Amino acid sequence: MSAASKIALRGVTKSFGSKKVLQGIDLDVAPGESMVVIGGSGSGKSVLLKCILGLMAPDRGSISVDGEETVGFNDRSRARVMRKFGMLFQGGALFDSLRVWENVAFGPIQSDGMKAEQAREVAVAKLGAVGLGPEIGELFPSELSGGMQKRVALARAIAREPEIIFFDEPTTGLDPIMADVINDLIVKCVSDLGATAVSITHDMASARKIGHRIGMLYEGRLIWQGPVADIDHSGNAHVDQFIHGRAEGPIRMQVRKL
Amino acid sequence: MNIPLLTVLGRMSLAFLEATGAVTAFAFHAVRQAVQPPYYRRQIISQMLEIGYYSLPVVGLTAIFTGMVLALQSYTGFARFSAESAIPNVVVVSLTRELGPVLASLMVAGRIGAAIAAEIGTMRVTEQIDALTTLSTDPFKYLIAPRLIAGIVTLPILVLVADIIGILGGFLVGVYKLDFNDTAYLRNTLDFLEFQDVFSGLVKAAVFGFLITLMGCYHGYTSKGGAQGVGMATTNAVVSASILIFTFNYFITEAFFAR
Ligand SMILES: Nc1ncnc2c1ncn2[C@@H]1O[C@H](COP(=O)(O)OP(=O)(O)O)[C@@H](O)[C@H]1O
Ligand SMILES: [Mg+2]
């Protein structure tokens, strides 16, 4: 395991019953790098992120963060490492019983013990960083459009200025223009923080924009990894089929014949 | 023909044991997290309001009609033996020992058990619980412990209120419908009332409060698969809490009153 990696995975496997989702993932992400993992729906992209975060325990394999093995951590060590992470969930996962500013200030208040007054200022600043005015902070998440919810979720993910940020399908369900706004915000936030980022997506425009390096997840393995510039001449038929969105090719969707 | 039946019974017993084990493990973990800091005081207070204060109307209505019907029914029964004077006694003992805690808890189970399961279940399927964890907040401490604590603390208070309102209901029927002398009715009630009756009812209430909130939290926390999963969690929370209330009611009664 290379000591320079921010995140290093070796032979990570995860099954649900008889369903093998991850079947031996090896992945290195360097400090300050933005890694994008692409793959079809249900290919295990979210499961991969949740294993790294410790929200799920992998069946086998090693996951290290800053050279520290995190598989099998107890609650306290887990909490310490969790402090390094920020996560933007697929559906936003905003707390619907709390106001927008309370959502953004949640990490600073609840786990870093910041006073509410000060955390509110932090929340307003972070909302500003994603292009939302302070008046939005008084609303509840259910009063916001999908694109605004994504931005609030982004503000919450960066509120504690994490070293590592994960983005789970940040542009899914948004119109192309809002998707590009989110892409720009992600690029800006990650570079402002100097953070390491891992994003998962099946939106190639997003992958090209936010990624330095791309890996493709297929049948539980990363079948190709390389710099973004190489994605168009990867020499891998699976990658080619995916990035061009063709129904014909080596990847067979499991759909019944009509 | 015997073998399939045995197989089915065997499978059901195994599934039952497995579920019991899972719930017990969940309960132990929840209690351990509840007694260790940090305590989320605001969460605890808002849950106490939700579970205790806002259940008062439902519990009060249940109690007053239960007390009234108890007086009426025991009158029609006891008049045959000219034992009408035992009515205040019957009302107060059955209310404080059994009907107060059991009926109030069943109403709260329907109201609160379902609400907790729906809320925590929705948080589970929309990844809000995972989000809590990534914000270094233990969902057991932030979501589950406040509800358990509120259940254990507020149910006895609710039941005490139910006892008083139920006795009042019996008194109203006794005095205005059955022509009891009001001071005699009250004196009878107080003479018969024993500390043990009320105390056993309050112990039951605390246990039921724990069971109701535990079932709501457990089914919500372990729910999966979207809206349908959350719906199932709500149903299961209410049904399992109700069954547990009846089961524990018997054993607590036995512990207090059986010789
Ligand atoms: N908690 C879970 N229990 C059972 N199966 C799961 C669970 N989480 C994910 N899966 C299964 O793992 C597979 C990959 O899921 P996921 O990582 O969410 O896919 P995606 O690549 O679209 O993010 C899916 O088939 C899903 O059904
Ligand atoms: Mg996903």
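Thresholds, definitions, all that
- Residues numbered from 1 in each chain as written.
- Chains lettered and ligands numbered in written order.
- Predicted model: local features only at pLDDT ≥ 70, side-chain atom pairs only at ≥ 80, totals over all residues.
- Heavy atoms only, no water.
- Near = heavy atom within 4 Å.
- Polar contact = N/O pair within 3.5 Å; in protein donor to acceptor, adjacent residues only side chain to side chain.
- Areas by Shrake-Rupley, 256 points an atom, 1.4 Å probe, with all protein chains shown as cover.
- 1 Å grid on protein atoms, 1.4 Å probe; cavity = no way out; pocket = protein on both sides within 12 Å on 5 of 7 lines; lining within 4 Å.
- Points joined across faces, edges and corners; volume = space filled by probe spheres on them.
- Helix = DSSP H or I, 4+ residues; strand = E, 2+ residues; numbered from the N terminus.
- Nonpolar A, V, L, I, M, F, W, Y, C, P; charged D, E, K, R; others polar.
- Salt bridge = Lys/Arg side-chain N within 4 Å of Asp/Glu carboxyl O.
- Buried < 20%, exposed > 50% of the residue type's maximum accessible area, 1.4 Å probe, protein only.

Engineer: Break down the site of ligand 1 for me, citing the residues and quoting the values.
Structural biologist: Residue and element names in this part refer to chain A. Taken together, F16, K19, V21, G40, S41, G42, S43, G44, K45, S46, V47 and M56 make up the full set of residues near ligand 1. A distance of 2.7 Å separates an oxygen atom of ligand 1 from a polar backbone atom of G42. S46 places a side-chain nitrogen or oxygen 2.7 Å from an oxygen atom of ligand 1. When ligand 1 sits alone it has 560 Å² of accessible area, and the protein chains cover 64% of it.

Engineer: Outline empty space enclosed by the protein, listing residues and values.
Structural biologist: Applying the stated rule across the entire model yields three cavities of 30 Å³ or more. The volume enclosed by the largest cavity comes to roughly 70 Å³. What lines the largest cavity is simply A:F85, A:G86, A:M87, A:F89, A:R156, A:A157, A:R160, B:A131, B:T134 and B:L135. Broken down by element, the lining of the largest cavity gets its largest block of residues, three residues, from strand β6 (residues 85–88) of chain A. Looking at the lining of the largest cavity, its residues break down into six nonpolar, two polar and two charged.

Engineer: Residues and numbers for the pattern of salt bridges, please.
Structural biologist: One pass over the structure, following the stated rule, counts 22 salt bridges over all chains. The partner of A:D66 in a salt bridge is A:K6, with the nearest N and O atoms 3.1 Å apart. Placement of A:D66 in the loop between β4 (60–65) and β5 (68–69) and of A:K6 in the segment before β1 (7–16) is noted, with a sequence separation of 60 residues between them. Given the relative accessible area of 35%, A:D66 is considered partly exposed. Owing to a relative accessible area of 11%, A:K6 belongs among the buried residues under this scheme. Between B:R147 and B:E119 there is a salt bridge, and its shortest N-O distance comes to 3.1 Å.

Engineer: Can you tell me about the layout of surface pockets, naming the residues and giving the values?
Structural biologist: Its volume calculated, the largest pocket comes out at about 1400 Å³. Together, 49 residues line the largest pocket, and A:G54, A:L55, A:M82, B:T133 and B:P139 are the ones closest to its centre. Counting residues per element, the ones that place at least two in the lining of the largest pocket are α1 (45–53), α2 (75–82) and α4 (106–111) of chain A together with α1 (2–35), α5 (128–134) and α6 (139–176) of chain B. Counting residues per element, the lining of the largest pocket draws most heavily on α2(A), at six residues. The residue inventory of the lining of the largest pocket, partitioned by class, reads 19 nonpolar, 16 polar and 14 charged.

Geometric descriptors of this kind do not, in isolation, establish any biological role.
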